[in-house]
Every structure is written in structure tokens, then in C-alpha cells.
Amino acid sequence: MKRIVLATKNEGKIREIRGAFAHLPVEVLSLAELGTFPDAVEDGETFEQNARIKAEFYQQQTHEAVLADDSGLEIAVLGGAPGVHSARFAGGVHASDAANNQKMLAELEKRGVSESPADYRCVLHFCDTDGTVLSAEGRVDGLIRTQAHGSGGFGYDPYFYIGTRTMADMTPEEKGAISHRGKALRALVKKLEDYLK
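Note that the coordinates shown come from a computational prediction; the quantities given were computed from them, not determined experimentally.

S.K.: Got a minute to help me understand the nonpolar core in this structure?
M.R.: In globular proteins that are soluble, nonpolar side chains generally tend to be buried together. With 20 residues, the main nonpolar core has Phe 21, Leu 67 and Leu 188 as its most contacted residues. If we ignore the near neighbours within four places in the chain, the residues touching Leu 67 are Ile 4, Val 5, Leu 6, Ala 7, Ile 17, Phe 21, Leu 124, His 125, Phe 126 and Leu 188. By size, the runner-up hydrophobic cluster in this structure holds 16 residues, among which are Ile 75, Ala 118, Tyr 120 and Met 167.

S.K.: In this structure, what is going on with the packing of helix α1 (residues 11–20) against helix α6 (residues 180–195)? I would like to understand it.
M.R.: Relative orientation and spacing of two packed helices are given, respectively, by the angle between their axes and the distance between those axes. Close contact between α1 and α6 brings their axes to 10 Å; oriented N to C, the two are set at 35°. Of the two elements, α1 crosses α6, and the hand of that crossing is right-handed. Across the interface between the two elements, Lys 13, Glu 16, Ile 17 and Ala 20 from α1 touch Arg 181, Leu 185 and Val 189 from α6. The residue makeup of the contact of α1 with α6, split by class, is four nonpolar, no polar and three charged.

S.K.: In this structure, what is going on with the sheet that holds strand β6 (residues 160–162)? I would like to understand it.
M.R.: Sheet strands line up and pair through hydrogen bonds in the backbone, either parallel or antiparallel. Strand order in the open sheet formed by seven strands is β2-β1-β3-β4-β5-β6-β7, with mixed pairing between adjacent strands. Lying at the two open borders of the sheet, with one neighbouring strand each, are β2 (26–30) and β7 (165–166). Two strands pair when backbone bridges link them, and β6 and β7 are joined in this way by two bridges, in the antiparallel orientation. From the neighbouring strand, Tyr 161 faces β7, where its bridge partner is Thr 166. Along the sheet, α1 contacts β1 (2–6), β2 and β3 (65–75); its crossing angle with β2, the most-contacted strand, is approximately 180°.

Cut-offs used in this document
- Residues numbered from 1 in each chain as written.
- Predicted model: local features only at pLDDT ≥ 70, side-chain atom pairs only at ≥ 80, totals over all residues.
- Heavy atoms only, no water.
- Core = buried A, V, L, I, M, F, W, Y, C linked by side-chain atoms within 4.5 Å.
- Buried < 20%, exposed > 50% of the residue type's maximum accessible area, 1.4 Å probe, protein only.
- Contact = heavy atoms within 4.5 Å.
- Axes fitted to C-alpha atoms, helices over the stretch in contact; angles between N-to-C directions.
- Helix = DSSP H or I, 4+ residues; strand = E, 2+ residues; numbered from the N terminus.
- Left-handed = near helix turned anticlockwise from the far one by under 90°.
- Nonpolar A, V, L, I, M, F, W, Y, C, P; charged D, E, K, R; others polar.
- Pairing = 2+ DSSP bridges.

Note that all results are geometric; they support no functional claim without further evidence.
Here's what the structure looks like:
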């Protein structure tokens, strides 16, 4: 059975990926289960570059097959920000969800708007020990509003509306069916099913 290490410390992402891979002949491990590692330097300008940087870095660190994702929120009125800086929008390597949301709300307030078209994007990059690379991406469009709603999800989910509901209003199953990560995971699972035959 192939071991795949997830290059993330985000428990929400780990749960989503483990669920999507449940039927595959793989053992999914988090970085934390293997020990303590330095943070990869995510200095790419795109989600694709950062996902690749993380996958290659942790593949070298762990000597295991690694799956990395880079994902984030792009808000039209903010010129696509926070984008690749979504997890650290409020500053620091891993700013809290609350701090990132406060910064986002402050930026919208500066522009005098209470909502803006926005999208969530996710790029997944799989890097095996033999150099095999597989990648996939997903996107979901919606509206960012300054009024939070719902208690599920994580990150910017309480502010990301699709129709009348936010991502935080949805069950994990509902969210997975339409989310950027859900779409990317389904595309990657198809590739892994062929690869692992």
C-alpha cells in the first residue's frame, strides 16, 4: 500500500483529503505523524508554483510520496487578493482565521463595499519518490459578503456565499460536492486511480 504524506497542518484539509482517498489503496499520513519539519518557503507567485514548491520540499524532507495543495480566496474588488497570501493575509506564516477575516473585512470597508464577486481556487500537486508528478485544480465562484453566517467550514467560509448560503452553512458532504478542493480532489483521484493500477 502506497503511503502519501499530506503537506499541510490544516486539520480541515486533512479530513477532506482523507475522505476523498478512502477507497484508494493508499495510507494517508499528515506531516505531524512523521515528526517535525521546517516550513516550506512558499514564495511562488501562483497557486500552481506554491503547490509544487511544497510537494517537492516535503518529498525531499520525508522521502515519501507527498501531496501538497495551495488554495485561497480571490476577491475581485481587492484585485484578486488575498490570493496566494490567503493563509497569511493578516501577517505571519499562519495567521488565524479570525485575524485573516478581520483584515479582509477592513479592506472591504476601506473600499466602501459590503460584497464582491470572489472565487476560491485550489491546486493539488502530487510528487512521488520516483519523480512522478500529478496535478489537478478546481475553482468555485461566489460572493464575499461582510455578514458572516454559519458555523461549519474554516477560513473564509462564513463570508463566502453561493446563492443564499455560505460555505460555513453547508455540511462537509455538501461543501465537498461543490468546493474548489472537492473539484480538484475528484480530478486528482481519477489520475491516482489510473496511476496506482
